[in-house]
Structure formats: C-alpha cells, structure tokens
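Coordinates in review
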Amino acid sequence: MIAVMLMSVALIAGLCVLAYTLAVYALPFMLAVEAARFAYVTSSGLIGAGLVGLVAGAVAYGLLVFDVASLRSPVLRLIVALVFAAPSAVAGYALVHGVTGEAVPSEVWRQIFCIIGAIFVGISALMRWSAPLDTKSS
C-alpha cells in the first residue's frame, strides 16, 4: 500500500513538472485550440479542424520566436515576453487549483497557493522568453 502511495506521489510530481514546463507555451496552444474549435464549429470536420489548429499553433509559435529573435530593443522584447507569459501565469494558477482541489481544505489557503503558483509559472515563462539570445558562433 505504501508503494502505491509513493508511486502516486511520484506520478503527480512528474505530471506537475511536465505541466510546468509546457505552461511556457500556453498562448500558442490556446490559439491552436481556439482556431480548431472555430474551424470545427464552421463544419470543417474533425481532420480539417485539427489541421487548422496545428497550423495556427505553429504560426503563433513561429511569430513569437521571430519577434524575440529579431527585436533588439530590450523593452520591446520584454513586451513580447509579457504577452506570452500572461497566459502561462493563468495556466499555472489553473494547474495549482486542480492539484490542490482536495488536498487543501481551506479555500483561502487554496487561493494563496494558486496565486503563488501563478506568480512562479509566470515569472519562469517571462524569464525564458526575455532571456538574451546566445549569439556565439562555433
């Protein structure tokens, strides 16, 4: 029984690390999902909606990478990073809210943990996107 409990704790921790890592890419994913939903509602079919979502997500991510790589002004790069880090903070809030659903009985402490999680994930995404580019050539 103890082995099963330890395995479940390890699995939850692994899923949290995976979700934390993927939260950085929350805006392209959100745009892909919304584009796919719109395409599906306008009767493009399941495969067509999936393709539309895939293309929309790839274009959104490509624009982000292009903007971060081509902008030289630190202020403009920070603005682009903030635009992409804000949905990451929302994803961090939702992640902590889901994980602490039954674990934290007090709603006040649950909200405090959720806000702390949102701050950490948002700052992590902001630091990843606003980091200076490595311009060393080998």
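Our structure is the block above this text.
Since this is a predicted model, take the numbers as computed values, not measurements. (Residues numbered from 1 in each chain as written. Predicted model: local features only at pLDDT ≥ 70, side-chain atom pairs only at ≥ 80, totals over all residues. Heavy atoms only, no water.)

A tally of helices and strands in the chain yields 5 helices and 0 strands. At 18 Å, the chain has a C-alpha radius of gyration far larger than the 14 Å of a compact globule built from 138 residues. Looking at the chain as a whole, 25% of its 138 residues are labelled buried. By sequence separation, contacts in the chain at least 24 residues apart represent 67% of the contacts at least 6 residues apart. Carbon and sulfur atoms form 78% of the exposed surface of the chain, whose accessible area is close to 9,400 Å². Both charge centroids of the chain, one from 6 positive and one from 5 negative side chains, sit 10 Å from each other. (Helix = DSSP H or I, 4+ residues; strand = E, 2+ residues; numbered from the N terminus. Rg over C-alpha atoms; globule rule 2.2 N^0.38 Å. Buried < 20%, exposed > 50% of the residue type's maximum accessible area, 1.4 Å probe, protein only. Contact = heavy atoms within 4.5 Å. Areas by Shrake-Rupley, 256 points an atom, 1.4 Å probe, with all protein chains shown as cover. Lys, Arg positive; Asp, Glu negative; His and termini not counted. Charge placed at Lys NZ, Arg CZ, Asp CG, Glu CD.)

Here we come to the packing of helix α3 (residues 45-70) against helix α4 (residues 74-99). Packing of α3 against α4 brings their axes to within 10 Å, and their N-to-C directions diverge by 155°. What the angle tells us is that α3 and α4 run roughly antiparallel. For α3 against α4, the interelement crossing comes out left-handed. Taking contact as the criterion, the partners of Ala60, Leu64, Asp67 and Val68 in α3 are, on α4, Arg77, Val80 and Phe84. Of the residues that constitute the contact of α3 with α4, the class distribution is 5 nonpolar, no polar and 2 charged. (Axes fitted to C-alpha atoms, helices over the stretch in contact; angles between N-to-C directions. Parallel < 35°, antiparallel > 145°, perpendicular 65-115°, else oblique. Left-handed = near helix turned anticlockwise from the far one by under 90°. Nonpolar A, V, L, I, M, F, W, Y, C, P; charged D, E, K, R; others polar.)

With that settled, consider the nonpolar core. Counting residues in each nonpolar core, the largest one holds 10 residues, listed as Val24, Leu27, Leu64, Val68, Val80, Ala81, Phe84, Ala85, Ala125 and Trp129. When residues of this core are traced back to their parent elements, those giving at least two are α3, α4 and α5 (107-129). Counting residues per element, this core draws most heavily on α4, at 4 residues. Other than its neighbours up to four places away in sequence, Ala125 contacts Val24, Ala85 and Ser88. (Core = buried A, V, L, I, M, F, W, Y, C linked by side-chain atoms within 4.5 Å.)

Further remarks concern the environment of Tyr25. Inspection of the secondary structure puts Tyr25 in the loop between α1 (2-22) and α2 (26-41). For Tyr25, a relative accessible area of 33% puts it in the partly exposed group. Counting along the chain gives 63 residues from Tyr25 to Ser88, while the straight-line C-alpha distance between them is 7.1 Å. Excluding residues that lie within four positions of it along the chain, Tyr25 makes contacts with Tyr61 and Trp129.

Here we take up the packing of α4 against α5. Across the interface, α4 lies against α5 with an axial gap of 7 Å and an inter-helix angle of 150°. By crossing handedness, the relation of α4 to α5 is classed as right-handed. Taken together, the residues of α5 that come into contact with α4 (itself represented by Arg77, Leu78, Ala81, Leu82, Phe84, Ala85, Ser88, Ala89, Gly92, Tyr93, Val96 and His97) are Arg110, Gln111, Phe113, Cys114, Ile115, Gly117, Ala118, Val121, Gly122, Ala125, Leu126 and Trp129. A class-by-class count of the residues in the contact of α4 with α5 yields 16 nonpolar, 6 polar and 2 charged.

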